[in-house]
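# Close look at the chain arrangement
So the chains spell out like this:
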Amino acid sequence: MESFFIYLQKSPYNMMLFGGAIASGAMLLWPMLMRPFRAGSEVTAFAAVQLINRKDGVVIDVRDIGEFEAGHIAGAKHVPEAQLTERIKELEKFKDKPVILACRTGNRSGSVVKILRSNGFTEAVNLGGGIVAWEQAGMPLQKK
């Protein structure tokens, strides 16, 4: 071990390479380490389809109207994130069902999961990767 530290100290280039290896390893592990600390659970596109088909899950799209009309999951309810607090009463009827929240990349809908869970939606989940991941999984989008 001591010879390893001597090797690192011989050249700043060696230290830089070792630091880069440590940093890249940390970046690879970061998503896995942070998963338990996320506000709500995430589901993949395939898991979302199973929730919709087997448990009568409801998809709520929290994107803006232009994004929603450009393409959305079939049957998705459109409740923009900015209007959520005003329209939460409309969603009360879905409290006993799985609620899948979707946005473009899964970031906005992740914060909406927190809000819904604090309002009693115990089965609210985030579509991991959002509509982008949905499309990458080969799932269809409905366009208005």
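Here's what I pulled together on the structure shown here. (Residues numbered from 1 in each chain as written. Predicted model: local features only at pLDDT ≥ 70, side-chain atom pairs only at ≥ 80, totals over all residues. Heavy atoms only, no water.)

## Concerning the environment of Thr 105
- Assignment of secondary structure puts Thr 105 in the loop between β4 (99-102) and α6 (107-118).
- By relative accessible area, Thr 105 is classed as partly exposed at 34%.
- For the pair Thr 105 and Trp 134, spaced 29 residues apart in sequence, the C-alpha to C-alpha distance is 9.6 Å.
- The contacts of Thr 105, once residues within four sequence positions are left out, are Gly 129, Gly 130 and Val 132. (Helix = DSSP H or I, 4+ residues; strand = E, 2+ residues; numbered from the N terminus. Buried < 20%, exposed > 50% of the residue type's maximum accessible area, 1.4 Å probe, protein only. Contact = heavy atoms within 4.5 Å.)

## Thoughts on the sheet that holds strand β5 (residues 124-127)
- Pairing within the open sheet is parallel, and its five strands lie in the order β1-β5-β4-β2-β3. Sheet topology places β1 (42-43) and β3 (77-78) at the edges, where each strand pairs with a single neighbour.
- Relative to β5, β4 is paired through three bridges, and the arrangement is parallel. Looking across to β5, one finds that Val 99 is bridged to Ala 124.
- Seen against the sheet, α6 touches β4 and β5 and runs at an angle of roughly 180° to β5. (Pairing = 2+ DSSP bridges. Axes fitted to C-alpha atoms, helices over the stretch in contact; angles between N-to-C directions.)

## Observations regarding unusual backbone geometry
- The backbone phi angle of Asp 56 is positive, close to 55°, even though this residue is not glycine.
- Tracing the backbone shows Asp 56 in the loop between α3 (45-55) and β2 (58-61).
- Note on Asp 56: relative accessible area 46%, which makes it partly exposed.

## Here's the deal with the packing of aromatic side chains
- According to the stated counting rule, one finds zero aromatic pairs in the structure shown.
- Between Lys 95 and the ring centre of Phe 121, over which it is positioned, the NZ or CZ distance is 5.8 Å. (Phe/Tyr/Trp six-rings, centres within 6.5 Å; stacked < 30°, edge-to-face > 60°. Lys NZ or Arg CZ within 6 Å of the ring centre and 35° of its normal.)

## Describing the side chain of His 78
- Structurally, His 78 can be placed in strand β3.
- Only 2.7 Å separates the side chain of His 78 from the backbone oxygen of Arg 63, close enough to count as a polar contact. (Polar contact = N/O pair within 3.5 Å; in protein donor to acceptor, adjacent residues only side chain to side chain.)

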